Amino acid sequence: MNASVTVRVPAKVNVQLAVGPARPDGFHDLANVFLAVGLYDEVTVTPADGLRVTCEGPDAGQVPLDRTNLAARAAEALAGRYGRSPDVHVHIAKDIPVAGGMAGGSADGAGALLACDALWGTGASRDELLEICAELGSDVPFSLVGGAALGTGRGERLTALETGGTFHWVFAMADRGLSTPAVFREFDRLGEGTDIPGPVASRPLIDALAKGDPDALAAAVSNDLQPAALSLFPELAATLAAGRAAGALAALVSGSGPTTAFLARDAAAAAAVAGALRASGTCRTVRTASGPVPGATVLDR
Ligand code: C5P
């Protein structure tokens, strides 16, 4: 048996996030177009006496190390299915912002699942792994598959999308996080008394991805959670404005925020936008990353 297995898992940005009304179960139907981008967490699992989670990285202090961590829940879920104990040390090398709207927690869930599967040699099928991912959270299946995909239902039912090129992004991290349930609650509050339509995927957006056309993608991006994120975190408006002023083709909140995402025409333009955002003093850190990139991948070590 391998002594340990490491899996690398990317962050995501939502290029479209269309949100329907709250369902009876409290979730919202979505048309959620995910793009995996090259910011990564690495999840390493090693046989141990019991289940234990550790984390390193600049934001490690904000990561829960108990059984609420999706990586711990993933190990438990897979072990439960295969009638074994989840006796692993899960170590997360964290580079994806915490509570940032880039699916960092989901990435760790998908990463731990794939790593434990490889460590234990369960022989689980891809569909079985995707089913466990969907039980862990709405964004977890996408962290496993990566690339570009449309998520429907609560975001967990995926259809792969074609991409005709690489898209260059700049991400501005905020100095505090936002809770996803709180942002959805704010979406509900802001929409009270209005008739919220069912979510529909944008055809121009899907075509722009397929063509690899950044201008067309910029014209089509949208995030229905953005007003709710801005309502809870008004300072983000200044970050979005700074990125637009620096020449970003599009500026939007990533998922439930508070990370903001800026689309650039090419790598050089992304570097220029990143420099301007750093100088603007409107965010904590700035990173560039491009996508699509593959989903959770076992590293050969
Ligand atoms: O599925 P996940 O655990 O990531 O969802 C976190 C929270 O985000 C849910 O408890 C819910 O409040 C909200 N959510 C939602 N509709 C979705 C996905 C998430 O309301 N489609």
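Since the model is a prediction, treat every value here as computed from it, not as a measurement. (Residues numbered from 1 in each chain as written. Predicted model: local features only at pLDDT ≥ 70, side-chain atom pairs only at ≥ 80, totals over all residues. Heavy atoms only, no water.)

*Asks:* In this structure, what is going on with unusual backbone geometry? I would like to understand it.
*Replies:* Negative phi values dominate among residues other than glycine, just as trans dominates among peptide bonds. Look at the link from Gly257 to Pro258: it is a cis peptide, with omega at 5°. Counting through the fold element by element, Pro258 comes out in the loop between strand E9 (250-253) and strand E10 (260-264). Of note, the bond from Gly291 into Pro292 is cis; its omega dihedral lies within 30 degrees of zero at 15°. If you trace the backbone, Pro292 turns up in the loop between strand E11 (285-291) and strand E12 (297-299). If you check the backbone angles, Ala103 has positive phi at about 65° while not being a glycine. Locating Ala103 in the fold gives a position in the loop between strand E4 (88-93) and helix H2 (104-120). The buried category is assigned to Ala103, whose relative accessible area is 10%. (Helix = DSSP H or I, 4+ residues; strand = E, 2+ residues; numbered from the N terminus. Buried < 20%, exposed > 50% of the residue type's maximum accessible area, 1.4 Å probe, protein only.)

*Asks:* Even after reading the chapter, I still don't get the state of the cysteines, so can you show me in this structure?
*Replies:* A disulfide bridge is the covalent bond that connects two cysteines by way of their sulfur atoms. Applying the stated criterion across every chain yields a total of zero disulfides. A disulfide-free cysteine, Cys116 has its sulfur positioned 12 Å from the sulfur of Cys133, the nearest such atom. (Disulfide = S-S within 2.5 Å.)

*Asks:* Is there a simple way to think about the packing of aromatic side chains in this case?
*Replies:* Note on aromatic pairs: each is described by the distance of the centres and the angle between the planes. Counted under the stated rule, the structure contains two aromatic pairs. Their ring planes at 10° and their centres at 4.6 Å tell us that Phe34 and Phe142 sit as a pair that is stacked. Of this pair, Phe34 sits in strand E2 (residues 28-47) while Phe142 sits in helix H4 (residues 140-145), placing them 108 residues apart in sequence. Pairing Trp169 with Phe171 gives two aromatic rings, centres 6.2 Å apart and planes at 15°, and the pair type is stacked. Both residues of the pair, Trp169 and Phe171, count as buried. (Phe/Tyr/Trp six-rings, centres within 6.5 Å; stacked < 30°, edge-to-face > 60°.)

*Asks:* Quick question: what am I supposed to make of the packing of helix H1 (residues 70-81) against H2 here?
*Replies:* The description of two packed helices rests on the angle between their axes and on the distance between the axes. Running from N to C, H1 and H2 point in directions that differ by 35°, and their axes come no closer than 7 Å. Here H1 runs over H2; the crossing is right-handed. On H2, the residues touching Leu70, Ala71, Ala74, Ala75, Leu78 and Ala79 of H1 are Gly105, Ser106, Asp108, Gly109, Ala112, Leu113, Cys116, Asp117 and Trp120. Classifying every residue of the contact of H1 with H2 by side-chain character gives 10 nonpolar, three polar and two charged. (Axes fitted to C-alpha atoms, helices over the stretch in contact; angles between N-to-C directions. Left-handed = near helix turned anticlockwise from the far one by under 90°. Contact = heavy atoms within 4.5 Å. Nonpolar A, V, L, I, M, F, W, Y, C, P; charged D, E, K, R; others polar.)

*Asks:* Would you mind showing me how to read the domain arrangement of the chain here?
*Replies:* Note on interface size: it is often stated as the accessible area lost on association of the parts. The domain architecture assigned to the chain consists of domain 1 (5-161) and domain 2 (167-291). Computed from C-alpha coordinates alone, the two centres of domain 1 and domain 2 are separated by 22 Å. On the side of domain 2, 37 residues touch domain 1, which itself brings 30 residues to the contact. Of the roughly 2,600 Å² buried at the junction of domain 1 and domain 2 (both faces included), carbon and sulfur atoms supply 65%. On the domain 1 side of the interface with domain 2, the three residues burying the most area are Val15, Leu17 and Val19, jointly 21% of the side's total. Inspection of the region where domain 1 meets domain 2 yields two salt bridges. For Arg284, the salt bridge goes to Asp59, with nearest N and O atoms at 3.4 Å. Joining domain 1 to domain 2, the criterion identifies 15 residue pairs in polar contact (both at pLDDT 80 or more). Looking at the side of domain 1 that touches domain 2, the elements with two or more residues in it are strand E1 (5-22) and E2. Residue contributions to the side of domain 1 that touches domain 2 peak at 11 residues, all from E1. Along the lines of polarity and charge, the residues of the side of domain 1 that touches domain 2 split into 19 nonpolar, seven polar and four charged. (Domains from an automatic or database assignment. Buried area = accessible area lost by both parts, 1.4 Å probe. Salt bridge = Lys/Arg side-chain N within 4 Å of Asp/Glu carboxyl O. Polar contact = N/O pair within 3.5 Å; in protein donor to acceptor, adjacent residues only side chain to side chain.)

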